[in-house]
Amino acid sequence: MLLEKKTAIIYGGAGSVGSEVARAFVEEGARVFLCGRTPAKLDATAAELRAAGGDVNVARVDATDSEDVENHFGSVVDQTGGVDISFNLIGLSDVQGHPLTAMALDDYMLPITTAARTQFITATTAARHMGSRHAGVIMAITAAPARLAIPLVGGFGAACGVIECMLRTLAAEVGPSGARVCWLRSAGSPESFGPDVGHDEAGQPGGLGDDAYLARLRDETLLKRFPRLGEVATTAALLASDRASAMTGAAGNITCGQIVD
């Protein structure tokens, strides 16, 4: 198994992406600590994973609070001896579907400030601990608007850019200690878009406001489809594993060819 005897903390572990990543990590042998601000959702996710044989723990952690994150991280270290993987999948509360000229400043800024604050707190907390152990992987997820000019995404693209820029800097700083910093860059998975948006390539709910807009984004990919959540999660497990030990300061490109490196 890719992550046997590894310990992982997943922030936003009850979300659509977070829970799928947690499932992949458990299947690959990791001990997983799910964090978030909604205990009921975390407990439901944990119960499902435990029923499948997973070693899963739950904690209410506010990723905007540095003391809360530090205290929890320290408690996991005390329990396990060290954290091998820290993965921030916190939702950004972004508002999309409107041109910038029609957006309120606060709506534009919210995902940017949320991303900057939570990613900084969780990533630097992990870096301090992992640096002393000379091992570990710090991870995040971004999306194609970090690199492409895509309309109607509000502050989401800027937020993704902030995450990637910060993680590149952190990778340069922690690399000499042996810790790695990587992120997934996705084209978006239809299962995570919500019920009130377009339809995916199979006719199932999952778009960004209307079918024509979604179809245009899909047609820009080389595979003419979007990555499914399962594909995101299995790539995350690979990136977190020792098989990707030469990767740092880099994105795992899972855009189905929307971005070509």
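Everything below is about the structure printed above this text.
So, here is what we can say about the structure in this document. Bear in mind that the values here come from a model prediction, so they are computed numbers and not experimental data.

### Quick word on unusual backbone geometry
Note on backbone geometry: most residues besides glycine have negative phi, and most peptide bonds are trans. Backbone geometry places Leu152, a non-glycine residue, at a positive phi of 70 degrees. By secondary structure assignment, the location of Leu152 is in the loop between strand S5 (137-143) and helix H5 (156-174).

### Describing the pattern of salt bridges
Applying the stated criterion across every chain yields a total of 11 salt bridges. Between Glu20 and Arg23 there is a salt bridge; the shortest N-O distance is 2.9 Å. Of the two residues, Glu20 and Arg23 are both situated in helix H1 (residues 16-27); the distance of 3 residues between them amounts to about one turn of the helix. Because the salt bridges share partners, they merge into one network encompassing Glu20, Arg23 and Glu48.

### Considerations on the pairing of strand S3 (residues 56-60)
Of the strand pairs in this sheet, strand S2 (residues 31-36) and S3 are connected by 5 bridges, and their pairing is parallel. Within S3, the position partnered with Leu34 by the bridge is Val58. Handedness of the crossover is the feature at issue here: the chain leaves S2, passes through helix H2 (residues 39-51), returns alongside S3, and the resulting connection is right-handed.

### A look at H1
Taking 1.5 Å of rise per residue, the 12 residues of H1 would be expected to cover 16 Å, and the 17 Å separating its terminal C-alpha atoms lies within 8% of that figure. Within the sequence span of H1, burial applies to Val17, Gly18, Ser19, Val21, Ala22, Ala24, Phe25 and Val26. Just downstream of H1, Gly29 is the residue with a positive phi angle, here 100 degrees.

### Describing the packing of aromatic side chains
Both the distance between ring centres and the angle between the ring planes are used here to describe each pair of aromatic rings. A full pass over the atoms with the stated rule returns 1 aromatic pair. Here Phe25 and Phe87 contribute two aromatic rings whose centre-to-centre distance is 6.4 Å and whose plane-to-plane angle is 35 degrees, an arrangement assigned as tilted. One end of the pair, Phe25, is in helix H1; the other, Phe87, is in strand S4 (residues 85-88), with 62 residues separating them in the sequence. Given the relative accessible area of 0%, Phe87 is considered buried.

### Quick word on the pairing of strand S6 (residues 180-186)
Counted residue by residue, S6 has 7 buried out of 7 residues, so it is predominantly covered. Alignment of S5 against S6, held across 7 bridges, turns out to be parallel. When the bridges of S6 are listed, Thr142 appears paired with Arg185. Chirality of the crossover, the property in question, places the unit of S5, H5 and S6 among those that are right-handed. Here S6 pairs with strand S7 (residues 250-254) via 5 bridges, running parallel. Looking at the pairing, Trp183 lines up with Ala251 of S7.

### Description of the layout of surface pockets
Here the second largest pocket defines a volume of roughly 150 Å³. Around the second largest pocket sit Lys6, Asp84, Ile85, Ala135, Gly136, Val137, Gly178, Arg180, Ala240, Ser241, Asp242 and Ser245, which together line it. Tallied by class, residues from the lining of the second largest pocket come to 4 nonpolar, 4 polar and 4 charged.

### A few points about the sheet that holds S2
Hydrogen bonds between backbone groups are what pair the strands of a sheet, and the pairing can be parallel or antiparallel. Taken in spatial order, the 7 strands of this open sheet run S3-S2-S1-S4-S5-S6-S7, and their pairing is parallel. Unpaired on one side and paired on the other, S3 and S7 mark the two borders of the sheet. Mean inter-strand twist for the sheet, computed between neighbouring axes without regard to direction, equals 20 degrees. Pairing geometry for strand S1 (residues 7-11) and S2, over 5 bridges, is parallel. The residue of S2 that forms the bridge with Tyr11 is Cys35. Across the sheet, H1 touches S1, S2, S3, S4 and S5, and the angle it forms with S1 is around 170 degrees.

Reading the values: rules and limits
Residues numbered from 1 in each chain as written. Predicted model: local features only at pLDDT ≥ 70, side-chain atom pairs only at ≥ 80, totals over all residues. Heavy atoms only, no water. Helix = DSSP H or I, 4+ residues; strand = E, 2+ residues; numbered from the N terminus. Salt bridge = Lys/Arg side-chain N within 4 Å of Asp/Glu carboxyl O. Pairing = 2+ DSSP bridges. Right-handed = clockwise from strand over helix to strand, strands pointing away. Expected span 1.5 Å × (residues − 1). Buried < 20%, exposed > 50% of the residue type's maximum accessible area, 1.4 Å probe, protein only. Phe/Tyr/Trp six-rings, centres within 6.5 Å; stacked < 30°, edge-to-face > 60°. 1 Å grid on protein atoms, 1.4 Å probe; cavity = no way out; pocket = protein on both sides within 12 Å on 5 of 7 lines; lining within 4 Å. Points joined across faces, edges and corners; volume = space filled by probe spheres on them. Nonpolar A, V, L, I, M, F, W, Y, C, P; charged D, E, K, R; others polar. Axes fitted to C-alpha atoms, helices over the stretch in contact; angles between N-to-C directions. Contact = heavy atoms within 4.5 Å.

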